[in-house]
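Observations on chain architecture
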Amino acid sequence: MQTSPLRAELLFDLDTDTADETAEAFEDAWLDTLHRIGVEAEGLRALPHRDPGGLDWLVLLSLPLQAFLGALGTEALGDLYAKAKQLARDRLRGKAKPRPPLVLEDAGTGLRIVLEPDLPPAALEQLTALDLTRFRLGPLHYDRSRKAWRSVADEADE
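Described in the following lines is the structure provided in the data block. Note that the structure is predicted; figures quoted are calculated from it, not measured. (Residues numbered from 1 in each chain as written. Predicted model: local features only at pLDDT ≥ 70, side-chain atom pairs only at ≥ 80, totals over all residues. Heavy atoms only, no water.)

We now examine the overall build of the chain. Counting its regular elements, the chain contains 4 helices and 7 strands. If you list the helices and strands of the chain from N to C, you get β-α-β-β-α-β-β-α-β-β-α. For the chain, the proportion of its 158 residues judged to be buried stands at 40%. Counted over contacts in the chain with a minimum sequence separation of 6, partners at least 24 positions apart contribute 66%. For the chain, the exposed area adds up to about 9100 Å²; of that, 51% sits on carbon and sulfur atoms. (Helix = DSSP H or I, 4+ residues; strand = E, 2+ residues; numbered from the N terminus. Buried < 20%, exposed > 50% of the residue type's maximum accessible area, 1.4 Å probe, protein only. Contact = heavy atoms within 4.5 Å. Areas by Shrake-Rupley, 256 points an atom, 1.4 Å probe, with all protein chains shown as cover.)

Below is the structure:
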């Protein structure tokens, strides 16, 4: 019995001052990376408007998160994360601003997981085994001092 592939939507927050060929190459690299791990993805570009209270990100990957993390496993997630960091480095080379994170968003609940640029390997291992139903508000961040994924908004709401 064949299972249907995971479907995802990629939203790119790309600078409008960058050549379209560069942006397209960046998008193509992302789509190719996801395709290689069995995820059917469609790429979209965010409008150039910035919400001052919003989360600054370079790529937002929206898909069924629990299924994605469970099926992917630590090694594949690590590969995707490493590729994300490399693409961000290449994309932002020579720019003064810090590298924005990769954000995973559950397509059903809207829960977001923020993957900062320098997560330890243990964070990715924990993430693949994390029960996302424990969280309601998000976003989830890896707390290095606690060595755990947490949602400050969920904790404040308790």
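This brings us to the pattern of salt bridges. Pairing is possible between side chains that carry opposite charge, provided their charged atoms lie close to one another. Scanning all chains against the criterion turns up 8 salt bridges. For Asp157, the salt bridge is made with Arg136, and the minimal N-O distance between the two is 2.4 Å. Here the residue Asp157 occupies a position in helix α4 (residues 152–157), and Arg136 occupies one in the loop between α3 (121–129) and β6 (141–143), the gap between them amounting to 21 residues. (Salt bridge = Lys/Arg side-chain N within 4 Å of Asp/Glu carboxyl O.)

What follows concerns the side chain of Thr128. Relative to the helices and strands, Thr128 is located in helix α3. Leaving out residues up to four positions away in the same chain, Thr128 has contacts with Leu69, Gly70, Gly73, Thr74 and Leu77.

Another aspect to go through is the nonpolar core. Counting 37 residues, the largest nonpolar core has Trp30, Leu61, Phe68, Ile113, Leu115 and Trp149 as its most contacted members. Elements that contribute at least two residues to this core include exactly β1 (6–12), α1 (20–36), β3 (59–63), α2 (65–92), β4 (102–106), β5 (112–115) and α3. When residues of this core are assigned to their parent elements, the largest contribution, 10 residues, is made by α2. Once residues within four sequence positions are removed from consideration, Phe68 is found in contact with Leu6, Ile37, Val39, Leu61, Leu63 and Leu80. (Core = buried A, V, L, I, M, F, W, Y, C linked by side-chain atoms within 4.5 Å.)

Following Gly138, the chain continues into Pro139 via a peptide bond in cis, with omega recorded as -5°. When you line up the elements, Pro139 lands in the loop between α3 and β6. Of note in the backbone geometry, Lys147 takes a positive phi value of approximately 55° without being a glycine. Counting through the fold element by element, Lys147 comes out in the loop between β6 and β7 (148–150). For Lys147, a relative accessible area of 58% corresponds to the exposed category.

All right, on to the sheet that holds β1 then. Taken together, the 5 strands give an open sheet; going across it, the order is β2-β1-β3-β4-β5, and neighbouring strands pair in mixed fashion. Across the chains shown, the open sheet's two edge strands, defined by having one partner strand only, are β2 (39–45) and β5. Sheet twist, expressed as the mean angle between neighbouring strand axes with direction ignored, is 20°. Alignment of β3 against β4, held across 5 bridges, turns out to be parallel. Its bridge partner lying in β4, Leu61 is registered against Leu104. (Pairing = 2+ DSSP bridges. Axes fitted to C-alpha atoms, helices over the stretch in contact; angles between N-to-C directions.)

Its relative accessible area of 53% is what places Arg136 among the exposed residues. Arg136 sits 15 residues away from Ser151 along the chain, and the two C-alpha atoms are 8.6 Å apart. Sequence-distant contacts of Arg136, defined by excluding residues within four places in its chain, comprise Leu111, Asp154 and Asp157. Looking at Arg136, its side chain comes within polar contact range of the side chain of Asp157, at 2.4 Å. (Polar contact = N/O pair within 3.5 Å; in protein donor to acceptor, adjacent residues only side chain to side chain.)

Moving on: α3. Every buried residue of α3 is accounted for by Ala123, Leu124, Leu127 and Thr128. Axial view of α3: buried residues confined to an arc of 135°, hence all on one face. Pointing more than 90 degrees away from the buried face of α3 are the exposed residues Pro121 and Ala129. (Arc of directions from axis to C-beta.)

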